[in-house]
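Residues per chain, in single letters:
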Amino acid sequence: MSAQNLYENLIACRRCERLVLWRESVAEQKVKRFATEEYWGKPVPSFGDPAARLLIVGLAPAAHGANRTGRMFTGDNSGVWLYRALHKAGFANQAETLHKNDGLSLTDCYITAVLHCAPPDNKPLPIEITTCRSFLMEELAMLKNIQVIVALGKIAFDEILKALPAKKPKFAHGVEVELNNGLILIGSYHPSQQNTFTGKLTEPMLDAIFERVNYRLEY
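Thresholds, definitions, all that
- Residues numbered from 1 in each chain as written.
- Predicted model: local features only at pLDDT ≥ 70, side-chain atom pairs only at ≥ 80, totals over all residues.
- Heavy atoms only, no water.
- Buried < 20%, exposed > 50% of the residue type's maximum accessible area, 1.4 Å probe, protein only.
- Helix = DSSP H or I, 4+ residues; strand = E, 2+ residues; numbered from the N terminus.
- Pairing = 2+ DSSP bridges.
- Expected span 1.5 Å × (residues − 1).
- Arc of directions from axis to C-beta.
- Contact = heavy atoms within 4.5 Å.
- Salt bridge = Lys/Arg side-chain N within 4 Å of Asp/Glu carboxyl O.
- Axes fitted to C-alpha atoms, helices over the stretch in contact; angles between N-to-C directions.
- 1 Å grid on protein atoms, 1.4 Å probe; cavity = no way out; pocket = protein on both sides within 12 Å on 5 of 7 lines; lining within 4 Å.
- Points joined across faces, edges and corners; volume = space filled by probe spheres on them.

(A) Local environment of the pairing of strand β2 (residues 54–58). Extensive coverage of β2 is indicated by the burial of five of its five residues. Of the two faces of β2, the one holding L54, I56 and G58 and the one holding L55 and V57 are both buried throughout. Sheet topology note: the β2/strand β3 (residues 109–113) ladder contains five bridges and is parallel. Bridged to V57 within β3 is T112.

Okay, structure coming up:
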């Protein structure tokens, strides 16, 4: 499948009724601070360099983040943390991102997610994760140059291990495993507000993940 066909199939997807109803109701009702903005309200496509050696896998779009802006990790606090770290590590041309036309571009990095629709309360159902897995599998087949995968959170980490078999270590921040195909999988806490506000994930901790990515890509 070509990248364009994958994009078209993804943004047209209506397989999960609960997610379709939620993403569209959020886009229609909005919140006060974004009342004048037009929400994307569809499955959020992946973003980045198709020739990338680094693949980042998140959980799902935020209801008023990527579900609003239409670009992965754009418009919410998680994106502030992620793109700041990617800019420091040389994968992003700028540290700040507000909307999908802000000039942000990624080099040698591609961002996807386990789920492409925003789930209620940021909690996808197992059947929804399974249903969306086909898109991840298509991307893994399409991205020919990937050497390192960073999984943001346990769900993303486990999904990669289902898609690309290997020994199954316990998820932890900084855990690293070589997959059966030779790719390196690195686990990281997700830069959600729940983790960053409580100090479970700090800026140096996230920066260290991408410092290790650069080390792996160099050697």
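(B) Region of the structure containing the pairing of β3. Extensive coverage of β3 is indicated by the burial of five of its five residues. On β3, burial covers both faces: C109, I111 and A113 on one face and Y110 and T112 on the other are all buried. The pairing of strand β1 (residues 47–48) with β3 spans two bridges and is antiparallel. Directly across from F47, in β3, lies its bridge partner I111.

(C) A look at helix α8 (residues 203–218). The end-to-end C-alpha separation of α8 is 23 Å, in line with the 22 Å expected for 16 residues at 1.5 Å each. Residues of α8 that are buried: L206, D207, I209, F210, V213 and L217. Looking straight down α8, one finds that the buried residues subtend no more than 150 degrees of arc, so they occupy a single side. Turned more than 90 degrees away from the buried face of α8 sit P204, E211 and E218, all of them exposed. Buried residues belonging to α8 abut β2, α4 (77–89), β4 (148–152) and β6 (184–188).

(D) Quick look at the pattern of salt bridges. Tallied over the entire structure, the rule returns 14 salt bridges. A salt bridge links E24 to R23, with the nearest nitrogen and oxygen atoms 3.9 Å apart. A relative accessible area of 32% means that E24 is categorised as partly exposed. With its nearest N and O atoms 2.8 Å apart, the salt bridge here joins R133 to E159. On the criterion of sequence distance, the pair formed by R133 in helix α5 (residues 126–142) and E159 in helix α6 (residues 154–163) is long-range, its members being 26 residues apart.

(E) Region of interest: the sheet that holds β6. Spatial strand order, β1-β3-β2-β4-β6-β5: six strands in an open sheet with mixed pairing. Strands with a single pairing partner mark the edges of an open sheet, and in this sheet they are β1 and β5 (176–178). Where β2 meets β4, four bridges bridge the pair, whose relative direction is parallel. Directly across from L55, in β4, lies its bridge partner I149. Where α5 meets the sheet, it contacts β2, β3 and β4, and its direction lies at approximately 165 degrees from that of β3. Helix-sheet contacts for α8 involve β2, β4, β5 and β6, and the interaxial angle to β6 is about 170 degrees.

(F) Spotlight on empty space enclosed by the protein. Counted by the stated rule, this structure contains one cavity of 30 Å³ or more. Of the voids in this model, the largest cavity is the one considered here, and its volume is about 100 Å³. Lining of the largest cavity is provided by 16 residues; of these, C13, C16, C117, C132 and F135 occupy positions nearest its centre. Those elements that provide at least two residues to the lining of the largest cavity are α2 (17–29) and α5. The greatest single-element share of the lining of the largest cavity, amounting to four residues, is contributed by α5.

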